[in-house]
Amino acid sequence: MDGTNEKQPSYEFIADNVINNDNSAVYLSKQTIEGSGLSPGSTVIIKGIKSHQTMCYVLAGDSCPDGHIQMNGVIQNNLHICCNGATTVTIYPRIAPRGTCIYVSPVTAPGVVNILIKANLQQYFENRRRPVRIGDVFTVGAGAGVGHIEFQVIETEPRPYCLVVHDTVIHCSNPINHDEVEVSLGEIDYDDICGLESVKRELKELVEYRIKFSEKFLKFDTPPSRGVLLYGPPGCGKTLLAKAVANECHVKFFSIKGPELLTMQSGTFGANVRDAFRKARQAAPCVLFFDELDAIAKARSGSGSASDGGGPADRIFNQILTEMDGMGSMKNVFIIGATNRPDIIDPDILRSGRLDELIYVPLPNDQLRLVILKSAIRQSFTAKDDDLAVLVSGTKDYSGANLVEICQRACKLTIKKLIRKETNLDEERQHSGEAPMELGESDPVPEISLDHLKEALEIAGRFVNKTNRDIYENFETLQQSGSANSGRI
Ligand SMILES: Nc1ncnc2c1ncn2[C@@H]1O[C@H](COP(=O)(O)OP(=O)(O)OP(=O)(O)O)[C@@H](O)[C@H]1O
Ligand SMILES: [Mg+2]
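These numbers were taken from a predicted model, which means no experiment stands behind them. (Residues numbered from 1 in each chain as written. Chains lettered and ligands numbered in written order. Predicted model: local features only at pLDDT ≥ 70, side-chain atom pairs only at ≥ 80, totals over all residues. Heavy atoms only, no water.)

1. Structural notes on the sheet that holds strand S17 (residues 357–360)
By way of backbone hydrogen bonds, the strands of a sheet pair with one another, either parallel or antiparallel.
Then, number 1: Ordered in space as S14-S15-S16-S13-S17, the five strands form an open sheet in which the pairing is parallel. Each of the sheet's edge strands pairs with one partner strand only, and the pair in question is strand S14 (252–257) and S17. Ignoring which end each strand starts from, the neighbouring axes of this sheet average 20 degrees apart.
Then, number 2: The sheet contact formed by strand S15 (residues 286–291) and strand S16 (residues 333–339) spans five bridges and is parallel. The residue bridging Cys286 from the neighbouring strand is Val333, located in S16. (Pairing = 2+ DSSP bridges. Helix = DSSP H or I, 4+ residues; strand = E, 2+ residues; numbered from the N terminus. Axes fitted to C-alpha atoms, helices over the stretch in contact; angles between N-to-C directions.)

Structural data, given as structure tokens:
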């Protein structure tokens, strides 16, 4: 992948500082260039401390002694080195492919990228055939009064390095802002989710195994799970669980909805997925959540019939698989997918090293439905336990979301009734010549009656039908017999 570990020639040199503005060139003596089979202008990968690398072209430096390489401070920074006469770097001659596009983002820009900055960026690359590598930081003069701006190369196509030529498209985004996709911690935690205790425990363990105990697994040569697919009927808490587990494990949370990826501008599908993974890698440890995964992870051509036959969804899905596979075992990013259509999900995403665990989030049973109803009513209304128990017995196949909705409707009906009662009372007082009631004079804590709950239940109708329940139960049975993973959904 990085182009430095193949069995091709490499050369080690002592790194020397040179003061100039050229962030793309390193200098070798004329003899060294010839002896290494290079020529002025050849591109090379340079490896500094640990795995830090960059790509430059070589030029002949009149003042450069044999066995030395000269580079400016920007290149030294990319290699994480400081030239002190004893630092060595290794170079690997590599031909840089022509880039179709690169993505850069300002690191030190004052807020938003303006036209002037974009123009300077364009000028920086113009007619220079500069090689760039993902991760490179470079400086661009931003004009009078603004000084220099540092940019970072976020992505290259092809990756991980390329030559920026006249038709390479340079995408410049605003400064990286994690808040765009990050859900702030502290929003939802496990206490907000009624019941589902075993699901909560299992999910938390899986996230912790990767985030906290990865090394322990790797000691035994077994990577911890990369991710999990939460599946089950709509409205049963999958999205809530994903948000809450990040909070429980004190890690950041990135969320992307499958349908949103599809509505993004054509041509940027792959880049959007890459961007999400890049942000997650940068913010690790974190949870990366793909909600409503079925919108993009339908069985593809060849493995099923529901895909969009090589269209945007397939491209996005393939990119997700590529990114998952390229994550490397140590990156503590845990991926959660959620779907209420496990029957159409492409089994490729359930393979080892991807979403290789499955957790069923079922419809609530009698007991849990009562707890959810009580917790939803708790806010500002009272209701008799007996009334709730009667109601719950008639809500088999209802999801948590359905129950919350019923409560909300019942609350509205109760409020309506109270307002009507007060208005009538007011009218009666006016007729009898009494002073109108003061605002809030007769505001008792409203009590939801069984009648209101029943009325709300009728309006809400039956959302989850028997057929749906069968889909999940059949899928779960298949999982337990180990056949869904092998593509026989
Ligand atoms: N166990 C639960 N405890 C408390 N509230 C719940 C529970 N299950 C569902 N709810 C309620 O249902 C709403 C919807 O839940 P959520 O969005 O997590 O469902 P989902 O499984 O992701 O559904 P979908 O498949 O449609 O995306 C929540 O906002 C919450 O009000
Ligand atoms: Mg959801």
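2. Things to note about the packing of aromatic side chains
Then, number 1: Per the stated rule, a full pass over the model turns up eight aromatic pairs.
Then, number 2: Plain terms: the ring middles of Tyr124 and Phe125 are 5.0 Å apart, the flat faces sit at 90 degrees to each other, and that makes the pair edge-to-face. The pair formed by Tyr124 and Phe125 is uniform in burial state, with each residue classed as buried.
Then, number 3: An aromatic cluster is defined as three or more aromatic residues linked by ring pairs; in this entry it consists of Tyr124, Phe125, Phe138 and Phe151.
Then, number 4: The side chain of Arg130 reaches across the aromatic face of Tyr124, ending 3.7 Å from its centre. (Phe/Tyr/Trp six-rings, centres within 6.5 Å; stacked < 30°, edge-to-face > 60°. Buried < 20%, exposed > 50% of the residue type's maximum accessible area, 1.4 Å probe, protein only. Lys NZ or Arg CZ within 6 Å of the ring centre and 35° of its normal.)

3. Here we look at helix H12 (residues 400–431)
Then, number 1: Here H12 is 32 residues long and its end C-alpha atoms lie 47 Å apart, about the 46 Å a rise of 1.5 Å per residue gives.
Then, number 2: Taken together, the buried positions of H12 are Gly400, Asn402, Leu403, Ile406, Cys407, Ala410, Cys411, Leu413 and Thr414.
Then, number 3: Count one or two residues on from H12 and you reach Gly433, which has phi positive near 80 degrees. (Expected span 1.5 Å × (residues − 1).)

4. Topic: the environment of Pro160
Then, number 1: Checked against the element boundaries, Pro160 lands in the loop between strand S10 (148–157) and strand S11 (161–164).
Then, number 2: Residue class for Pro160 comes out buried when judged on its relative accessible area of 10%.
Then, number 3: Taking C-alpha positions, Pro160 is 5.6 Å from Ile134, a pair spaced 26 residues apart along the chain.

5. Focus: the site of ligand 1
Then, number 1: Every one of the 17 residues lining ligand 1 counts as a neighbour, but Cys194, Gly235, Lys238, Thr239 and Asn340 are closest to it.
Then, number 2: Within the backbone of Cys194, one N or O atom sits 2.9 Å away from a nitrogen atom of ligand 1.
Then, number 3: In this structure, Gly235 approaches ligand 1 through a main-chain N or O atom, which is 2.7 Å from an oxygen atom.
Then, number 4: Burial of ligand 1 by the protein amounts to 77% of the accessible area it has alone, namely 640 Å².
Then, number 5: Elements that contribute at least two residues to the shell around ligand 1 include exactly helix H6 (238–248) and H12. (Near = heavy atom within 4 Å. Polar contact = N/O pair within 3.5 Å; in protein donor to acceptor, adjacent residues only side chain to side chain. Areas by Shrake-Rupley, 256 points an atom, 1.4 Å probe, with all protein chains shown as cover.)

6. As for the pairing of strand S8 (residues 130–133)
Then, number 1: On S8, burial covers both faces: Arg130 and Val132 on one face and Pro131 and Arg133 on the other are all buried.
Then, number 2: Taken together, the four bridges between S8 and S11 define a ladder with antiparallel strand orientation. Note that in S11 the partner of Pro131 across the bridge is Leu163.

7. Digging into the nonpolar core
Then, number 1: Core analysis: the biggest nonpolar cluster contains 49 residues, and Leu203, Leu241 and Ile336 have the highest contact counts within it.
Then, number 2: Each of domain 3 (180–360) and domain 4 (366–463) contributes no fewer than three residues to this core.
Then, number 3: What Ile336 contacts, discounting residues up to four positions off in sequence, is Leu203, Val228, Leu230, Ala242, Val245, Val287, Leu288, Phe289 and Phe290.
Then, number 4: Ile256, Ile320, Leu321 and Met327 belong to the second largest nonpolar core, which has 28 residues in total. (Core = buried A, V, L, I, M, F, W, Y, C linked by side-chain atoms within 4.5 Å. Domains from an automatic or database assignment. Contact = heavy atoms within 4.5 Å.)

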